[in-house]
Amino acid sequence: LKRRIKDFFLGCYLPHAYRHASEQCVNPAKIVFLEAKEKGIPDSFETLYDRITTGYSYEVMFISLGQNRVSIKQYYRNCKQAVVEIATAGYVVLNDALDIVSFLPLRPETKIVQLWHACGACKKWGMSTADLIFGGTRKDLLRHPFYRNISLVTVSSPEVSWAYIE
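How each quantity is defined
- Residues numbered from 1 in each chain as written.
- Predicted model: local features only at pLDDT ≥ 70, side-chain atom pairs only at ≥ 80, totals over all residues.
- Heavy atoms only, no water.
- Pairing = 2+ DSSP bridges.
- Helix = DSSP H or I, 4+ residues; strand = E, 2+ residues; numbered from the N terminus.
- Salt bridge = Lys/Arg side-chain N within 4 Å of Asp/Glu carboxyl O.
- Buried < 20%, exposed > 50% of the residue type's maximum accessible area, 1.4 Å probe, protein only.
- Arc of directions from axis to C-beta.
- Contact = heavy atoms within 4.5 Å.
- Right-handed = clockwise from strand over helix to strand, strands pointing away.

Enquirer: Sorry, what's going on with the sheet that holds strand S2 (residues 59–64) here?
Expert: Across a sheet, strands are paired by hydrogen bonds formed along the backbone, either parallel or antiparallel in direction. Reading across from one edge, S2-S1-S3-S4-S5 is the order of the five strands in this open sheet, with parallel pairing throughout. In the strand order of this sheet, the two ends are held by S2 and strand S5 (152–153), each with one partner. Relative to S5, strand S4 (residues 111–114) runs parallel, the two sharing two bridges. By the bridge assignment, Gln-114 is partnered in S5 with Val-153.

Enquirer: Explain the pattern of salt bridges to me, please; I cannot follow it from the model alone.
Expert: Oppositely charged side chains can form a pair if their charged atoms are brought close together. A full pass over the atoms with the stated rule returns two salt bridges. Asp-99 is paired through a salt bridge with Lys-6; the nearest N and O atoms lie 3.6 Å apart. With Asp-99 in helix H4 (residues 99–102) and Lys-6 in helix H1 (residues 2–21), the pair connects residues that are 93 residues apart, well separated along the chain.

Enquirer: Which parts of the structure should I look at to understand helix H2 (residues 43–53)?
Expert: Given 3.6 residues per helical turn, the α-helix brings residues three or four places apart onto the same face. For H2, the complete set of buried residues consists of Phe-45, Tyr-49 and Ile-52. Projection of H2 onto a plane perpendicular to its axis shows the buried side chains occupying an angular sector of 65°, all on one side. Along H2, exposed side chains directed more than 90 degrees from the buried face belong to Asp-43, Thr-47 and Arg-51. Check the buried side of H2 and you find it contacts strand S1 (27–35), S2 and strand S3 (89–94). Taken from the residues just after H2, Gly-55 is the one with a positive phi, measuring 85°.

Enquirer: What exactly am I supposed to notice about the pairing of S2 here?
Expert: The two faces of the sheet receive side chains in turn, since in a regular strand these alternate between them. In this structure, S1 lies alongside S2, joined through six bridges in parallel fashion. Across the sheet, residue Glu-35 finds its bridge partner in S2, namely Ser-64. Assessed by its sense of winding, the connection that carries the chain from S1 through H2 to S2 is right-handed.

Below, the structure is given as structure tokens:
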């Protein structure tokens, strides 16, 4: 039942909410910082967030989904709110993988920027986490991918870019 609810939520409900919100124009000056778990702005967002909100005229918003901190019902509401905001954003900044972004029929005007919450040389992500204690199963990662709509990815050095491409 949980899997079917998640499939419906990611595959139907959120894309429908996104398409409906996409009836409005994209605001190229709107930047959404989207966080899965933390209540406040995480360290990996701080420098960029501070720089953008100081001396520039961007419309910047921070959204925390509250994953593992709020009820599942509230989490789903937070996801819907985020999707509605993403639909009109020029940029969305992530610091962690988010499956809700991968399932959206993303508009070409919107760019998803992936920052990281840990150093890339010490990190595993994507299929590198399949079947590990902290990762999903290979089947689940294929069913609910996290990185489908990423436009830009930061890397700690050019020498490790191969791992991000993988």
